[in-house]
Amino acid sequence: MAIDFTFSEEVEQARSRIREFMRDTVKARYKTLSENAQTSESDWRAAIKALREEAKARGFWLPHMPTEAGGMGLGVTALAAVAAEAAKVPYGPYIMNAHAPDEGNMHTLHHFATEYQREKFLQPLLDGQIRSCFSMTEPEVAGSDPTLIQTTAVQDGDEWVINGHKWFTSGARGASFAIVIARTDPDAAIPQARNSAFIVETDTPGFELVRDVETMSGSHNHCEIRYNDVRVPASHLLGERGGGHKLGQVRLGPARLAHCMRWIGEIELALEMLIDRAQKRFAHGSLLSEKQGIQWMMADSAMELYAGKLMVLHAAYKIEQGLDFKQEVSMAKHHVANTLWRVCDRAVQVHGALGYSTDSPLSGMLQQARWARFADGADEVHQMRIAEILMRTYNAEGSVNGAVGGLPL
Ligand SMILES: Cc1cc2nc3c(=O)[nH]c(=O)nc-3n(C[C@H](O)[C@H](O)[C@H](O)COP(=O)(O)OP(=O)(O)OC[C@H]3O[C@@H](n4cnc5c(N)ncnc54)[C@H](O)[C@@H]3O)c2cc1C
């Protein structure tokens, strides 16, 4: 059995060059801009644009896409390493054109788009000329169960007419198009075949951006949208009719893991901040780092992070090898999201009032970490699926091994 956790020389080089670029260029410029009281919105935009151009010129562009699509052509395991590096720095994934939801939408379009859709929607997305969004969740029904989706798409000649109400469509403001999941076949034999996906340009009449929903961490362009008699040509059906669920699954598997890769970077950052602070802060006769209660926080965080990294790498390996990855991605997503939450919380604790203040990035990181436990599959839904596969495997094989990674152990 070969277990080798080293990447090829080429990947290692790319990874360390990306780490340097993120630290010395992106982070440094971000720091200068945020410390400058005169920085305006247009200065921000110009700086981010310049950084994206620089990343592109250096070949740090589309790490998640194959070379024929203009990407770095990394395997999924190598992508994990690169994505984690990018996530340690504000705007890192965006600068490499690998941010959610565009990254998931690129995968989806690459997999399902027709020639026309590739040219019109995928190519400008790959080039970084436009942004997109993914519009599935609705306020009226549980987002955890897409078979309940109420938005409808009805065929009328050569067009589809879409009516419905969505929210938490991330990145909608400023996006050129949305991939919308709507019910086309209410009477389909199985509930999973009721929905289809459509590409809707955001300037189509009837596309009403109601508001940017305010969250516990402020406004982040998670929008409420009404689709009022929105007409799209038949050529905007993405994938096959009734294939919305399948498309969601193809999109969400790797996209969930891509979130985990970015979260690994954030966990590492929070843990480093925790250690740094503990080694500098003095109370009750010693540094915080010398107190057992604080060392336990460090040790627990390290063990959870290590387990998370192994899970992400193994799930990525399974995707790369074309093996069934559902169970491993569910377990990784649940574990890493919860580790992110716990480690950010511990880091805030060790920083005390500073951690709670917006002077430190930790307060924002903790707020962002909260949604990781229910978006892209709530904890309990992943646990339900994990248990289902566990029981099915045990009943068929008399062993749980195949449902806990299938490792030779
Ligand atoms: C920051 C952020 C960004 C998002 N971006 C997008 C986006 O771009 N596009 C988009 O379409 N959506 C997006 N969403 C929505 C997200 O996908 C949904 O929040 C998620 O699918 C859960 O749906 P819901 O909020 O309706 O919760 P519900 O489905 O109502 O679930 C609420 C809770 O019920 C419990 N629950 C549900 N099912 C079960 C079960 N079977 N067993 C036990 N307990 C259960 C869980 O505790 C769950 O957290 C985003 C959400 C956030 C917070």
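Please read these numbers as outputs of a predicted model, since none were measured by experiment.

Draft legend 1. Representation of the overall build of the protein chain in the model. In terms of helices and strands, the protein chain carries twelve helices and ten strands. Rg of the C-alpha trace for the protein chain: 22 Å, near the compact-globule value of 22 Å for 409 residues, within the 12% margin. Expressed as lengths along the three principal axes of its C-alpha atoms, the size of the protein chain is roughly 80 × 65 × 45 Å. Within the protein chain, the proportion of its 409 residues that are buried is 41%. Restricting to contacts in the protein chain with at least 6 residues of sequence separation, those with at least 24 account for 67%.

Draft legend 2. Highlighting the site of the ligand. Around the ligand sit 19 residues, and of these Met-136, Ala-142, Gly-143, Ser-144 and Ser-170 come closest. For the shell around the ligand, the secondary structure elements donating two or more residues are strand S1 (132–135), strand S3 (159–170) and helix H12 (379–397). Residues that form the shell around the ligand fall into these classes: eleven nonpolar, seven polar and one charged. Two domains each put at least three residues into the shell around the ligand: domain 2 (132–238) and domain 3 (252–403).

Draft legend 3. Structural view of the domain arrangement of the protein chain. Assigned domains of the protein chain: these are domain 1 (9–100), domain 2 (132–238) and domain 3 (252–403). Taking only C-alpha atoms, the centre of domain 1 and the centre of domain 2 are 30 Å apart.

Draft legend 4. Region of the structure containing the pairing of strand S5 (residues 195–201). Counting buried residues along S5, six of its seven residues qualify, which places the element largely inside the surrounding structure. Sheet topology note: the strand S4 (residues 177–183)/S5 ladder contains seven bridges and is antiparallel. Residue pairing for S5: Ile-179 is matched across the bridge by Ile-199. Where S5 and strand S8 (residues 237–238) come together, two bridges link them in antiparallel fashion. Bridge assignment links Phe-198 to a residue of S8, and that residue is Leu-237.

Draft legend 5. Representation of helix H2 (residues 41–57) in the model. The end-to-end C-alpha separation of H2 is 24 Å, in line with the 24 Å expected for 17 residues at 1.5 Å each. In the stretch just after H2, Gly-59 is the one whose phi turns positive, near 85 degrees.

Draft legend 6. Region of interest: the nonpolar core. Counting residues in hydrophobic clusters, the biggest one holds 104 residues, and the most contacted among them are Phe-198, Ala-270, Val-312 and Cys-344. The leading source of residues in this core is helix H7 (residues 244–278), at 16 residues. Setting aside anything within four residues of it in sequence, one finds Ala-270 in contact with Val-343, Cys-344, Ala-347, Leu-362 and Met-365.

Draft legend 7. The arrangement of the environment of Val-404 in detail. Within the secondary structure, Val-404 sits in the segment after H12. Each C-alpha atom of the pair Val-404 and Glu-328 lies 7.5 Å from the other, and the pair is 76 residues apart in sequence.

Parameters at a glance
- Residues numbered from 1 in each chain as written.
- Predicted model: local features only at pLDDT ≥ 70, side-chain atom pairs only at ≥ 80, totals over all residues.
- Helix = DSSP H or I, 4+ residues; strand = E, 2+ residues; numbered from the N terminus.
- Rg over C-alpha atoms; globule rule 2.2 N^0.38 Å.
- Buried ≥ 20, exposed ≤ 12 C-beta atoms within 10 Å, placed from the backbone.
- Contact = placed C-beta atoms within 7 Å.
- Near = placed C-beta within 6 Å.
- Nonpolar A, V, L, I, M, F, W, Y, C, P; charged D, E, K, R; others polar.
- Domains from an automatic or database assignment.
- Pairing = 2+ DSSP bridges.
- Expected span 1.5 Å × (residues − 1).
- Core = buried A, V, L, I, M, F, W, Y, C linked by C-beta atoms within 7 Å.

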